[in-house]
Amino acid sequence: MSNEVTTTFHCKQNIVLESSKPINPQDISVNIGSDNKSKTTSSEPNSLALAILWAHFQACDQGSLTINPFAPWKEINNDKWRKFLNHLITDSTWKDWIQNPEKIKHKTFKAYQKL
């Protein structure tokens, strides 16, 4: 499994020209690159990949994953599942705990208890 991540940054910068002559857009060039020297590998498996595989394994194990083009969690026809997702997805602090397996467990138990 690869830990390679691609990130896209969008930046807007206002430049003031101290000249009466207008800027020709064809004369503007911006080149941003990376040296790619910071690539690192990890002995730990990717937690996102493990979660996806676990969800598929559980769906197979419970008989809810079929050849149907939609995974059970994409159909969202289960009211309990929707309520569970709503408790977690609307949590504005998710970015603070989503990378911590212990906090994920705590949040999951807490959301499940509200059902």
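Residues numbered from 1 in each chain as written. Predicted model: local features only at pLDDT ≥ 70, side-chain atom pairs only at ≥ 80, totals over all residues. Heavy atoms only, no water.

Caption draft 1: Highlighting the overall build of the protein. For the protein, the helix and strand inventory stands at five helices and zero strands. Helices and strands appear in the protein in the N-to-C order α-α-α-α-α. In the protein, which comprises 115 residues, the proportion classed as buried is 7%. For the protein, the exposed surface amounts to about 11,100 Å²; the carbon and sulfur share of it is 55%. (Helix = DSSP H or I, 4+ residues; strand = E, 2+ residues; numbered from the N terminus. Buried < 20%, exposed > 50% of the residue type's maximum accessible area, 1.4 Å probe, protein only. Areas by Shrake-Rupley, 256 points an atom, 1.4 Å probe, with all protein chains shown as cover.)

Caption draft 2: Expanded view of the packing of aromatic side chains. Enumeration according to the criterion identifies three aromatic pairs in this entry. Three or more aromatic residues link up through ring pairs in this structure, and these residues are Trp81, Phe84 and Tyr112. (Phe/Tyr/Trp six-rings, centres within 6.5 Å; stacked < 30°, edge-to-face > 60°.)

Caption draft 3: Representation of the packing of helix α3 (residues 79-89) against helix α5 (residues 101-113) in the model. At a closest axis distance of 9 Å, the pairing of α3 and α5 adopts a crossing angle of 130 degrees. As judged from the angle between their axes, α3 and α5 are oblique. Here α3 runs over α5; the crossing is right-handed. Note on element contacts: α5 touches α3 through Lys107, Thr108, Ala111 and Tyr112, opposite Lys80, Phe84, His87 and Leu88. Classifying every residue of the contact of α3 with α5 by side-chain character gives four nonpolar, two polar and two charged. (Axes fitted to C-alpha atoms, helices over the stretch in contact; angles between N-to-C directions. Parallel < 35°, antiparallel > 145°, perpendicular 65-115°, else oblique. Left-handed = near helix turned anticlockwise from the far one by under 90°. Contact = heavy atoms within 4.5 Å. Nonpolar A, V, L, I, M, F, W, Y, C, P; charged D, E, K, R; others polar.)

Caption draft 4: Representation of the pattern of salt bridges within the structure. According to the stated counting rule, one finds four salt bridges in the structure shown. By sharing partners, the salt bridges in this structure join Asp79, Arg82 and Lys83 into a single network. (Salt bridge = Lys/Arg side-chain N within 4 Å of Asp/Glu carboxyl O.)

Caption draft 5: Structural detail: α5. Under the 1.5 Å per step criterion, the end-to-end length of α5 is 18 Å for 13 residues, consistent within 8% with the ideal 18 Å. The backbone nitrogen of Glu102 lies 2.9 Å from a side-chain oxygen of the residue at the head of α5, namely Asn100. (Expected span 1.5 Å × (residues − 1). Polar contact = N/O pair within 3.5 Å; in protein donor to acceptor, adjacent residues only side chain to side chain.)

Caption draft 6: Inspection of the side chain of Asp91 at higher detail. With respect to the helices and strands, the residue Asp91 is situated in the loop between α3 and α4 (94-97). Here the side chain of Asp91 touches Lys107 through a polar contact of 3.2 Å, side chain to side chain. Contact partners of Asp91, with chain neighbours within four places excluded, come to Trp97 and Lys107.

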